[in-house]
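# Coordinate inspection notes
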Amino acid sequence: MKVTIDDITIEVEAGTTILNAARKIGGEVVPPAMCFYSKLPGTGGKCRTCLVEVAAGSTADPRPMPKLVASCSTPVMDGMIVKNKTSERVHEGRSAVVEFLLINHPLDCPVCDQAGECNLQDLGYEHGSVKTRYEEERRTFDPIDIGDKIKLHMNRCILCYRCVEVANQLTEKRVHGVLHRGEHAEISTFIEQAVDNDFSGNMIDVCPVGALTDRTFRFKSRVWFLKPMEAECECKKCAGKVVLWMFGQEIYRVTGRKDQYGEIETIDDKTAWICNECRFDKKDLAKWKVTGPRVIDRHSVISQGKYETSITPSIKKIN
Amino acid sequence: MKNRKLLLENVHIPGIETFDVYRKNGGYRSVEKALNTMTPDEVVEEVKKSGLRGRGGAGFPTGMKWSFLAKPEGVPRYLVCNADESEPGTFKDRYLMEKIPHLLIEGMITSSYALGANTSYIYIRGEFMYILHILEKAIAEAYDKGFLGKNILGKGYDLDLFVVPGGGAYICGEETALLESLEGKRGNPRIKPPFPAVKGLWGCPTVVNNVESLAAVVPIVNDGGDSYAAIGIGRSTGTKLISACGNLVKPGVYEIEMGLSVEEFIYGDDYCKGIANNKKLKACVPGGSSVPILPHYLVTKTASGEDRLMSYESLADGGFVSGSMLGSGGFIVFDEDQCIVRNTWNFTRFYAHESCGQCSPCREGTGWMEKVLHRLENGHGNIRDIDLLAEINKKIEGNTICPLGDAAAWPVAAAIRHFRDEFEWHVTNKDEAITRNYGLSKEPLIA
């Protein structure tokens, strides 16, 4: 199937979504995604940041679609023409979504552990406005501990439902979901139970904002002062292929290996989710075999000036 | 001309809620006719011919919806009746189910036969628990008399019918949220495509229809699609239940023929008998809280000066600039003493409360609008808030997963469009606005 996105034509398989087709092209034409996570079936369609304009539905039916569509959940049709960067409507729609996402966001980036690697920060930088028009009091929740290693700051949450899908798909006993509805909707565990299983830590990796943070790393360091290194270990539960975030010889935190879209990489045909033991307990360098520096492609703050290979993507942003 | 009634004709007969009385008055004839003399495709064809349009609000042709149903081999199909009627101002389905429950059951049997469904569900709003009991009693009677269950009328067709109560969320009236809720999950609308006709309940092809649409299948099968299509005007065929409320002399549920003039409906002796307490008409919401509000000078006449009729087309005449929608038939009338700002706030408060919270524009936007409107109504508003509201609803509209975002945005947009002077008056005369109402809006001078 042929699909044209921002005047670039590409051949993709039937059933591919517009977003995945754009990711195949890569670069500027890729719409941002806050809730879609290709490794977690069932995610997507919620945040509305990936809205695109369909200027022609297909060769068979070339009528344009009346509304902007969510590119992460709309499959391509043969001869479809999609406008992302080149559409004024998309730009407007996306800034609208960013404004909505930010009205109740605390904007506490100076004290947020996610700062520097936050998708909402990037999105706000690209599409946000300078001033807020929201005069009301922001919706607030108390931060709670879900389990002894994970902190939930509901104030920062954008309700992308990614962690809900992690809880549904990676872990055995589901004790975690969304309560209430509308503005009052919140991520929570059933009666503040602990999320207690071996892969719960992946909720932190999939969270696009600072709502779920690693309690073993909180307030230890800003991420951009740390040196990301690829490392591996023998682990019975997971693939053991991780990124160590180091300062000198000290390991500050351990995360999964994320690609340029913030998604955990696929290694040997399997999504390389890591277990809680690797993430929270192995902070000793002797337990790891460091294989080389990690190139962080997406977040300019982290990748800036660290290694030669990582300079190119950040230049793009400046331009 | 005497107004013809198709659905509520027998509603006044005592005991019509029981099987025997209903049967004596011609009940279950459509099931006999369909099973004995028609193939399922012929029933679908009759419904197509009738021009029946979905009575839940969107007005999509029912026959067309049925023909979209995927029919893969070996996969069950389902018919689901949407009885989650919770739109402010709409109470027609409740009346129908309460007074004449067998009509819905009969319509569901005939429709299930047409669609080849062997299991069907009535998803009813949780607050209607007493109606659930009425329906369950009626269903038990139908099982007893051989109209439900195995081998109906000896024709080898099996059907099981269940009533399932919801938990009381407006959003579960959206068809995919309804299916999620029916499956026992949180009632969040699904991302479309795939549509329910392909992948609905438990991943199987499903048709979701409103109570009134399914009830209308009964007269269509009995008398033929053509005779149903002969009633009404243009593409709005048949009769429609209208639930009239607000400042009327005689509010209530009326069955009208499509094409009745709005003036006749509000002021006619057979209908609402005019505005209560000899007041003047100020505004009207003709199709449930989600449709645009009309100011008094656009209620009985369209912008081009023609008579406004009770039909899908006529009420929508003028688009969103000077028209509205027939919607679900929740006809709300305001007299000169009502405050449009307060009413808009009230509607928005409802949508903010009922938004499922799944997609960002609706979750954040409805709450934001509610707060701004609350401020305006209570004398803390600012003149720029009015433009802000207009901006917010433009940003919600069309950017959401399901139509709830649009439904929340349209009434606000229309209220500002037609009653801007009243909004401004609320800002400029803060103290006065709390103690008295603005009165009638000024009619724009038409050149």
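Residues numbered from 1 in each chain as written. Chains lettered and ligands numbered in written order. Predicted model: local features only at pLDDT ≥ 70, side-chain atom pairs only at ≥ 80, totals over all residues. Heavy atoms only, no water.

As a further point, take the overall build of chain B. Per the secondary structure count, chain B includes 18 helices and twelve strands. The C-alpha atoms of chain B give a radius of gyration of 22 Å, which matches the 22 Å a tight globule of 447 residues would have. Taking all 447 residues of chain B together, the buried fraction comes to 61%. Within chain B, counting contacts between residues at least 6 apart in sequence, those at least 24 apart form 70% of the total. Total accessible area computed for chain B in this model is approximately 16,700 Å², and 52% of it derives from carbon and sulfur atoms. Distance between charge centroids for chain B: 2 Å, based on 49 positive and 56 negative side chains. (Helix = DSSP H or I, 4+ residues; strand = E, 2+ residues; numbered from the N terminus. Rg over C-alpha atoms; globule rule 2.2 N^0.38 Å. Buried < 20%, exposed > 50% of the residue type's maximum accessible area, 1.4 Å probe, protein only. Contact = heavy atoms within 4.5 Å. Areas by Shrake-Rupley, 256 points an atom, 1.4 Å probe, with all protein chains shown as cover. Lys, Arg positive; Asp, Glu negative; His and termini not counted. Charge placed at Lys NZ, Arg CZ, Asp CG, Glu CD.)

Moving on, we get to a nonpolar patch on the surface. Taken together, the side chains of B:F60, B:M64 and B:F68 present a nonpolar region at the surface, about 290 Å² in accessible area. Taking relative accessible area as the criterion, B:F60 reaches 37% and is therefore assigned partly exposed. (Patch = residues over 30% accessible without salt bridge, like charges linked within 9 Å, V, L, I, M, F, W, Y side chains within 5 Å. Salt bridge = Lys/Arg side-chain N within 4 Å of Asp/Glu carboxyl O.)

Residues and elements named next belong to chain A. Relative to the helices and strands, Y37 is located in the loop between α1 (18–25) and β3 (51–56). In the structure, Y37 is positioned 169 residues away from V206 in sequence and 8.0 Å away in space, judged by C-alpha atoms. Contact partners of Y37, with chain neighbours within four places excluded, come to T43, R162, V206, G262, E263, I264 and W273.

Residue and element names in this part refer to chain B. In this structure, M97 sits in helix α5 (residues 92–99). For M97, a relative accessible area of 0% corresponds to the buried category. Separated by 184 residues in sequence, M97 and L281 have C-alpha atoms that sit 31 Å apart. M97 has contacts with A83, L104, I124, F128, I131, I134, L135 and V211, leaving out every residue within four places of it along the chain.

Here we come to the interface of chain A and chain B. Listed per partner, the contact involves 33 residues of chain A and 36 residues of chain B. For the pairing of chain A and chain B, the buried interface totals around 2,900 Å² over both sides, and the portion due to carbon and sulfur atoms is 50%. Looking at the side of chain A facing chain B, the largest losses of area belong to A:F100, A:R133 and A:R181, adding up to 27% of the total buried there. Summed over the shared surface of chain A and chain B, the number is nine salt bridges. (Buried area = accessible area lost by both parts, 1.4 Å probe.)

For the rest of this paragraph, the subject is helix α7 (residues 129–144) of chain B. Given 3.6 residues per helical turn, the α-helix brings residues three or four places apart onto the same face. Residues and elements named next belong to chain B. Here α7 spans 23 Å end to end across 16 residues, near enough to the 22 Å set by a 1.5 Å rise per residue. Residues I131, L132, L135, A138, I139 and A142 constitute the buried set of α7. Angularly, the buried residues of α7 cover 130° about the axis, an arc narrow enough to put them on a single face. Projecting away from the buried face of α7 at angles above 90 degrees are the exposed residues K137 and D144. Buried positions along α7 lie against α5, α6 (101–115), β2 (119–124) and β4 (157–165). G146 occupies a position one or two residues after α7 and carries a positive phi of about 80°. (Expected span 1.5 Å × (residues − 1). Arc of directions from axis to C-beta.)

What follows deals with the confidence of the model for chain B. Looking at chain B as a whole, the pLDDT averages 91, with 98% of positions reaching at least 70. In the model output, the complex is listed with pTM 0.90 alongside ipTM 0.87. (pLDDT = per-residue confidence, 0-100.)

This part is about helix α2 (residues 29–37) of chain B. Residues and elements named next belong to chain B. For α2, the set of buried residues is S30, V31, A34 and L35. One side of α2 holds all its buried residues, which, seen down the axis, span an arc of 115°. Where α2 is buried, its residues touch α3 (40–50), α6, β3 (149–152), β4 and α9 (211–223).

Turning our eyes to something else, we now look at the sheet that holds strand β10 (residues 281–285) of chain B. Residue and element names in this part refer to chain B. As summarised here, the arrangement of the five strands in space is β9-β8-β12-β10-β11, forming an open sheet in which the pairing is mixed. Strands at the two margins of the open sheet, each flanked by one partner only, are β9 (252–257) and β11 (294–295). Examined bridge by bridge, strand β8 (residues 239–246) and strand β12 (residues 330–335) share four bridges and lie parallel to one another. Across the sheet, the residue bridging to G246 is V333, located in β12. Across the sheet, α5 lies against β8 and β9, angled at about 115° from β8, the strand it touches most. (Pairing = 2+ DSSP bridges. Axes fitted to C-alpha atoms, helices over the stretch in contact; angles between N-to-C directions.)

We now examine the packing of aromatic side chains. Summed over the entire model, instances satisfying the criterion amount to 24 aromatic pairs over all chains. Measuring from ring centre to ring centre gives 5.0 Å for B:F320 and B:W410, while their planes differ by 70°; the resulting arrangement is edge-to-face. With a gap of 90 residues between them, B:F320 in helix α13 (residues 319–322) and B:W410 in helix α17 (residues 404–428) connect regions that are remote in the sequence. Looking at B:F320, the relative accessible area reads 30%, which means it is partly exposed. The class of B:W410 is buried, set by a relative accessible area of 18%. Aromatic rings pair up to connect B:F19, B:Y22, B:Y28 and B:F147 into one cluster. A cation sits over an aromatic face here: A:K282 above A:W288, 5.7 Å from the ring centre. (Phe/Tyr/Trp six-rings, centres within 6.5 Å; stacked < 30°, edge-to-face > 60°. Lys NZ or Arg CZ within 6 Å of the ring centre and 35° of its normal.)

Residues and elements named next belong to chain A. Taken as a whole and assessed by the stated rule, the structure comprises 51 salt bridges over all chains. Here D205 makes a salt bridge to R279, at a shortest N to O gap of 3.1 Å. Here D205 is found in helix α5 (residues 202–206), whereas its partner R279 is found in helix α6 (residues 276–281), with 74 residues between them in sequence. With a relative accessible area of 3%, D205 lands in the buried category.

Turning next to the packing of helix α2 (residues 88–103) of chain A against helix α16 (residues 383–396) of chain B. How two helices sit against one another is set out by the angle between their axes and by the gap between those axes. Here α2(A) crosses α16(B) at 110°, and the two axes come no closer than 9 Å. Taken together, α2(A) and α16(B) sit at an angle that is classed as roughly perpendicular. For the crossing formed where α2(A) meets α16(B), the hand is left-handed. Contacts from A:A96, A:E99 and A:F100 of α2(A) reach α16(B) at B:I392, B:K395 and B:I396. Looking at the contact of α2(A) with α16(B) residue by residue, the classes come out as four nonpolar, no polar and two charged. (Parallel < 35°, antiparallel > 145°, perpendicular 65-115°, else oblique. Left-handed = near helix turned anticlockwise from the far one by under 90°. Nonpolar A, V, L, I, M, F, W, Y, C, P; charged D, E, K, R; others polar.)

Right, let's talk about the packing of helix α15 (residues 360–377) of chain B against α17(B) for a bit. All names here are of chain B. Following both chains from N to C, one finds α15 and α17 inclined at 20°, their axes separated by 12 Å at the closest point. On the basis of their axis angle, the class for α15 and α17 is roughly parallel. Of the two possible hands of crossing, α15 and α17 adopt the one that is left-handed. Here C362, T366, M369, L373, L376 and E377 of α15 come into contact with α17, specifically with L404, G405, A408, A409, V412, F423, H426 and V427. Classifying every residue of the contact of α15 with α17 by side-chain character gives ten nonpolar, three polar and one charged.

Our next topic: a negative patch on the surface. Taken together, the side chains of B:E263, B:E264, B:D269 and B:D270 define an acidic patch exposed on the protein surface. In this structure, B:E264 sits in helix α11 (residues 262–267).

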